[in-house]
Amino acid sequence: MRAMAKRNLKIFFRDKSAVFFSLLAVFIIIALYAVFLGDTITGGMESVTEIDFLMNSWIIAGILAVISVTSTLGALGIMVEDRANKVIKDFTASPLGRGSLAGGYILCAFAVGVIMSLIALVIGEVFIVCAGGKLLSMGNMLAVIGGIFLSVLSSGSMMLFIVSFFKSQNAFGTASTVVGTLIGFLTGVYIPVGSLPEAVQGIVKVFPVSYSASFFRTVMMRQPEAVSFDGAPQNVLQEFHTELGVTFDFDGKETTVAVCVAVMLAAAAVFCTLSVWRLSKKRK
Amino acid sequence: MTKLIEAEGLKKSYGTIHAVRGIDLSVEKGTLFAFLGPNGAGKSTTIEILSAQTAPDAGTVRIGGHILGRDDMAIRAEIGIVFQDSVLDKLLTVRENLMLRGSFYGMKRSALENAAKAAAEAADVTDFLDRPYGKLSGGQRRRADIARALIHTPPLLFLDEPTTGLDPQTRRRVWETVRLLQKERGMTVFLTTHYMEEAAQADYIVIMDHGRILAGGTPAELKETYTRDILRIAPQKEEALAALLKRCGVRFQKTGGELVVRLKHTTDAIRILESCREEIAGFEVRRGTMDDVFLNITGTEVRD
């Protein structure tokens, strides 16, 4: 299994276009943010202190959530490609357990997700600091890194389930384009959740990846909020949170970090089970 | 001689397509076994069954004491396969491909390195070991495929049309490699091909079409049974020779200014040539070829 995972990693990182396309959604977010989204979102809040630090942290948190989806999906593309190219025949004709084979793809997707997220985090932090913000504190940094593992696990399981349906590279390509496009909306990165219509907000709230985003936003915005919202009343902060998808509002109750962790774990468990069920059914 | 492969009553259908309709096979240890048939005859499906890739709908297979369906992992560990398609990773170098595949057979690092080296030498790929597989030429890829199949020194090697699509020179080279391996290592080679000149060098040939085995035997046996030797005579004067042959009761055909006689026995040619010696400008006696065998066997079947 380890040898297979290593092989998949090598193939993924040597395929420059696979790496690029798995990061495409991220590049789009950065470009949109740099061009106009940043101004739109912060419009009317220019007077708030440390608003750049606050909003930069918000966008990097969103990117971390998106990258956990697109990078794992990209890595799982190797599985689809092996099936389409019949390379998989060479593996099934070897004394290699089916579990090790599937495990190799999953382990690789997880590793790719974590590696890409960590790189994004480092670049993001450099960007935040260069733009006048501060580095994450030790505690928050560890929380974010822990969150990366959880969010990759949860998003990766979802992607594994999706990928289990595809046999051709065409279908996979289309799916990754759709996912890459929608993910920015579904996690409220392109447009803050509060600005979306009521119905769409409902979708965002039930989409598990939104809780990865919520987790990263909560943790990463703690420091800038302490400055920006210093002395502000609780309800102002809460309104700001639900507006930007830092937390979600259910009948006046705010979700917490614990809820995010629970949702991520639950999504991982559900989609892992479903994928194992699908992959083992196909073995016949 | 011991049997390495023994298969009985193999059947496999894909929906309404009956790819293999009940075949029996046995392959002796250390031989080169050629499996012949037109495209779509069911050769690849048979190989897939024998190499534990596809489960048959019916039938039993024994490979070196292992029973297919029960000891699949053990069978997989003892066979090497060269597939029709390229199945190595294009983005990895030949060495990386070999090392990865070798690890499937439970080899430790140092043993693996030696195995990769030995396989590379046997298949003659040492010159491009560190080049990405995707950048190799067709012939180089094929040799790399063979090296991969040899990484665990399997006693049984399956080759599914190993030379299809290669230029004649490369084809010969690949073929020589296979031949050498079989002779030097006593490896059993199970090969499908549609090149007759390759099949003619096998120890045993089985001809298959429409999912059934039509004939089997050594190349000499098959030629003996399914072909006639041919005598071609270039005449001095065509009419005179034709008349002479008719008088002797020899049946012939005219093609391209030559008279062609199909012989029961090669030595019959001597008697015929003696009797019309004066009228002969030139002659040729040609033994039946594998091409004739193949056409006679599969051609008849098609007409039925």
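Residues numbered from 1 in each chain as written. Chains lettered and ligands numbered in written order. Predicted model: local features only at pLDDT ≥ 70, side-chain atom pairs only at ≥ 80, totals over all residues.

Asker: Even after reading the chapter, I still don't get the overall build of chain B, so can you show me in this structure?
Answerer: Scanning chain B from terminus to terminus reveals eleven helices and 14 strands. With respect to the three principal axes, the spread of C-alpha positions in chain B is 80 × 45 × 35 Å. A burial count over chain B gives 42% of its 304 residues as buried. For chain B, the proportion of contacts with a sequence separation of at least 24, taken over those separated by at least 6, is 71%. (Helix = DSSP H or I, 4+ residues; strand = E, 2+ residues; numbered from the N terminus. Buried ≥ 20, exposed ≤ 12 C-beta atoms within 10 Å, placed from the backbone. Contact = placed C-beta atoms within 7 Å.)

Asker: Please explain the UniProt feature "transmembrane region" (unreviewed entry) in chain A as it appears in this structure.
Answerer: Residue and element names in this part refer to chain A. The UniProt feature table records "transmembrane region" (unreviewed entry) at residues 20–38, 58–80, 101–129, 141–163, 170–191 and 256–277. This span, residues 101–129, is 100% helix and 0% strand, and a straight line between its end C-alpha atoms measures 42 Å. Along residues 141–163, the helical share is 100% and the strand share 0%, with 32 Å between the first and last C-alpha atoms. (UniProt positions renumbered as here; feature names shortened; annotations may be inferred.)

Asker: So what exactly am I meant to see when it comes to the packing of helix α3 (residues 94–103) of chain B against helix α5 (residues 138–150) of chain B here?
Answerer: Packed helices, taken two at a time, are described by the angle between their axes plus the distance between the axes. Residue and element names in this part refer to chain B. The contact between α3 and α5 brings their axes to 9 Å, and the two run at 25 degrees. With respect to each other, α3 and α5 are oriented roughly parallel. When you trace α3 past α5, the crossing you get is right-handed. Counting all contacts with α3, which are made through Val94, Asn97, Leu98 and Arg101, the residues of α5 involved are Ala144, Ala147 and Arg148. Looking at the contact of α3 with α5 residue by residue, the class counts come to four nonpolar, one polar and two charged. (Axes fitted to C-alpha atoms, helices over the stretch in contact; angles between N-to-C directions. Parallel < 35°, antiparallel > 145°, perpendicular 65-115°, else oblique. Left-handed = near helix turned anticlockwise from the far one by under 90°. Nonpolar A, V, L, I, M, F, W, Y, C, P; charged D, E, K, R; others polar.)

Asker: Whenever I open this one, the interface of chain B and chain A confuses me. Can you help?
Answerer: When the parts of a complex come together, some accessible area is lost, and that lost area is often used as the size of the interface. At the junction of the two partners, chain B supplies 17 residues and chain A supplies 15 residues. Contributing elements (two or more residues each) for the side of chain B that touches chain A: α2 (72–78) and α3 of chain B. Counted by class, the side of chain B that touches chain A contains ten nonpolar, three polar and four charged residues.

Asker: Just to check I follow, could you spell out the confidence of the model for chain B for this structure?
Answerer: In low-pLDDT segments, the atomic positions of the prediction should not be examined closely. All names here are of chain B. Looking at chain B as a whole, the pLDDT averages 87, with 98% of positions reaching at least 70. The lowest-confidence element of chain B is helix α11 (residues 290–303), averaging 70 in pLDDT; the highest-confidence one is α3, averaging 93. What the predictor reports for the complex is a pTM of 0.83 with an ipTM of 0.83. (pLDDT = per-residue confidence, 0-100.)

Asker: Explain the domain arrangement of chain B to me, please; I cannot follow it from the model alone.
Answerer: One can read the domain layout of chain B as domain 1 (3–218) and domain 2 (228–287). On a C-alpha basis, the centres of domain 1 of chain B and domain 2 of chain B stand 45 Å from each other. (Domains from an automatic or database assignment.)

Asker: Honestly, the pairing of strand β1 (residues 3–14) of chain B in this entry has me stumped. Any pointers?
Answerer: The two faces of the sheet receive side chains in turn, since in a regular strand these alternate between them. Residue and element names in this part refer to chain B. Where β1 and strand β2 (residues 17–28) come together, nine bridges link them in antiparallel fashion. Looking at the pairing, Lys11 lines up with Arg21 of β2. Counting the residues between successive antiparallel strands, the hairpin from β1 to β2 contains two residues, one of them, Gly15, with a positive phi of roughly 65 degrees. (Pairing = 2+ DSSP bridges.)

Asker: Looking at this structure, how should I read the sheet that holds strand β10 (residues 212–217) of chain B?
Answerer: Strand pairing in a sheet takes place through backbone hydrogen bonds and is either antiparallel or parallel in direction. Residues and elements named next belong to chain B. Here we have six strands laid out as an open sheet, ordered β6-β7-β8-β3-β9-β10, and mixed in their pairing. Where the open sheet ends on each side, the last strands, each with one partner, are β6 (79–82) and β10. Strand-to-strand twist of the sheet, defined as the mean angle between neighbouring strand axes without regard to direction, takes the value 15 degrees. Where strand β7 (residues 156–160) lies against strand β8 (residues 188–193), five bridges are found, and the strand directions are parallel. Considered in β8, the bridge of Leu156 is made with Thr188. Against the sheet, helix α8 (residues 219–226) touches β9 (204–209) and β10, its axis set at about 110 degrees to β10.

Asker: When you look at the environment of Leu156 of chain B in this model, what are you seeing that I'm missing?
Answerer: All names here are of chain B. Mapped onto the elements, Leu156 comes out in strand β7. On the basis of neighbour count, Leu156 is assigned to the buried category, with 22 C-beta atoms found within 10 Å. Here the alpha-carbon distance between Leu156 and Ser51, two residues 105 residues apart in the chain, equals 9.8 Å. If we ignore the near neighbours within four places in the chain, the residues touching Leu156 are Leu4, Ile63, Glu78, Ile79, Thr188 and Phe190.

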